[in-house]
Amino acid sequence: MSKIGFLWVGKLKERFSQDGCALYWKKLSRFFQLEETVIKDAPGKLPPADKNKVEGERILSKVRPGDVLILLDEFGERLTSRTLADKLKQWTDAPNQRPVFVIGGPFGLSDEVKAAARHTIRLSDMTLPHELARLLLLEQLYRAGTIHKNMPYHHD
């Protein structure tokens, strides 16, 4: 079974996010072995640039050989659900690599994390709260899995 990694900054606080993410995590785990790492938020007293730096160092310290970082960013590539499904298949079929989706904290991602990424995608042209972005990403990855399994979830 192919692996997918996730690096998130901060814990889920809202009940709806916890429930929704748990639902799609369970559904997605039918298709992939999922590995999650939650990065601790930088101290609140730090200015935004310093928060990004600290969180970026924490993110990069968790990257393993063979990890292909895929950042979620408002300026990333626009994808349809079918295009994401095709890309996910490429990423998970490649030998000796693991796609790792990264969602930063409220102030985004450091330049060092951006430089380490191989791909940057967006979920929307609008800025999303981080908890909602996680939920939406998990749902879209599940949708991608159903597209490749020809399951009746995605409708064109």
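Residues numbered from 1 in each chain as written. Predicted model: local features only at pLDDT ≥ 70, side-chain atom pairs only at ≥ 80, totals over all residues. Heavy atoms only, no water.

Attention now moves to the overall build of the protein. From N to C terminus, the protein includes five helices and five strands. For 156 residues, the compact-globule estimate of 2.2 N^0.38 gives 15 Å, and the C-alpha radius of gyration of the protein, at 15 Å, lies within 12% of that figure. In terms of its C-alpha atoms, the protein occupies a principal-axis envelope of roughly 50 × 35 × 25 Å. Counting over 156 residues, the protein shows a buried share of 44%. As displayed, the protein has an accessible area near 8700 Å², and 52% of this comes from carbon and sulfur atoms. Of note, the protein has its 25 positive side-chain charges centred 5 Å away from the centre of its 20 negative side-chain charges. (Helix = DSSP H or I, 4+ residues; strand = E, 2+ residues; numbered from the N terminus. Rg over C-alpha atoms; globule rule 2.2 N^0.38 Å. Buried < 20%, exposed > 50% of the residue type's maximum accessible area, 1.4 Å probe, protein only. Areas by Shrake-Rupley, 256 points an atom, 1.4 Å probe, with all protein chains shown as cover. Lys, Arg positive; Asp, Glu negative; His and termini not counted. Charge placed at Lys NZ, Arg CZ, Asp CG, Glu CD.)

Next up on the list: the sheet that holds strand β5 (residues 119–121). Taken in spatial order, the five strands of this open sheet run β2-β1-β4-β3-β5, and their pairing is parallel. At either end of the open sheet lies a strand with only one pairing partner, and these are β2 (33–39) and β5. Strand-to-strand twist across the sheet, computed as the mean angle between neighbouring axes with direction ignored, equals 30°. For strand β3 (residues 67–77) and strand β4 (residues 98–103), the ladder comprises five bridges, and the chain directions are parallel. Among the inter-strand pairings, L71 is bridged to a residue of β4, identified as V102. The sheet strands contacting helix α1 (residues 15–28) are β1 (3–9) and β2, and the helix crosses β2 at an angle near 145°. (Pairing = 2+ DSSP bridges. Axes fitted to C-alpha atoms, helices over the stretch in contact; angles between N-to-C directions. Contact = heavy atoms within 4.5 Å.)

Relative orientation of the contacting elements α1 and helix α5 (residues 130–148) amounts to 20°, with a least axis distance of 9 Å. Between α1 and α5, the angle is such that the two are roughly parallel. Note on packing geometry: the crossing formed by α1 with α5 is left-handed. In this structure, α1 contributes F16, S17, G20, C21, Y24, W25, K27 and L28 to the contact, and α5 contributes E131, L132, R134, L135, L138, E139, L141 and Y142. When grouped by side-chain class, the residues that make up the contact of α1 with α5 number 10 nonpolar, two polar and four charged. (Parallel < 35°, antiparallel > 145°, perpendicular 65-115°, else oblique. Left-handed = near helix turned anticlockwise from the far one by under 90°. Nonpolar A, V, L, I, M, F, W, Y, C, P; charged D, E, K, R; others polar.)

The first and last C-alpha atoms of helix α3 (residues 81–93) sit 18 Å apart over 13 residues, in line with the 18 Å expected at 1.5 Å per residue. Every buried residue belonging to α3 is among S81, L84, A85, K87, L88, W91 and T92, and all of these are buried. (Expected span 1.5 Å × (residues − 1).)

Our focus in this paragraph is unusual backbone geometry. Even without being glycine, N96 reaches a positive phi, approximately 60°. Position of N96 among the secondary structure elements: in the loop between α3 and β4. In this structure, N150 takes a positive phi of about 55° despite not being glycine. Summarising the element assignment, N150 is placed in the segment after α5.

As defined by bridge partners, β1 adjoins β2 across seven bridges and the pair is classed as parallel. The residue bridging L7 from the neighbouring strand is T37, located in β2. The parallel pair β1 and β2, bridged by α1, forms a crossover whose chirality is right-handed. (Right-handed = clockwise from strand over helix to strand, strands pointing away.)

It is worth spelling out the packing of aromatic side chains at this point. The relation between two aromatic rings is expressed through the spacing of the ring centres and the mutual angle of the planes. Going through the model one piece at a time under the given rule, you end up with eight aromatic pairs. An angle of 75° between the planes, with centres 6.4 Å apart, marks the rings of F31 and F32 as edge-to-face. The exposure classification of F31 matches that of F32, with both residues buried. For the ring pair Y142 and Y153, a centre distance of 4.9 Å and an interplane angle of 70° mean the geometry is edge-to-face. Taken together, the residues span a long stretch of sequence, with Y142 in helix α5 and Y153 in the segment after α5 at a distance of 11 residues. The exposure class assigned to Y142 is buried, which follows from its relative accessible area of 4%. Residue Y153 is classed as partly exposed on the basis of its relative accessible area of 23%. Clustering of aromatic rings is evident, with ring pairs tying together F6, W8, W25, W91 and F101. (Phe/Tyr/Trp six-rings, centres within 6.5 Å; stacked < 30°, edge-to-face > 60°.)

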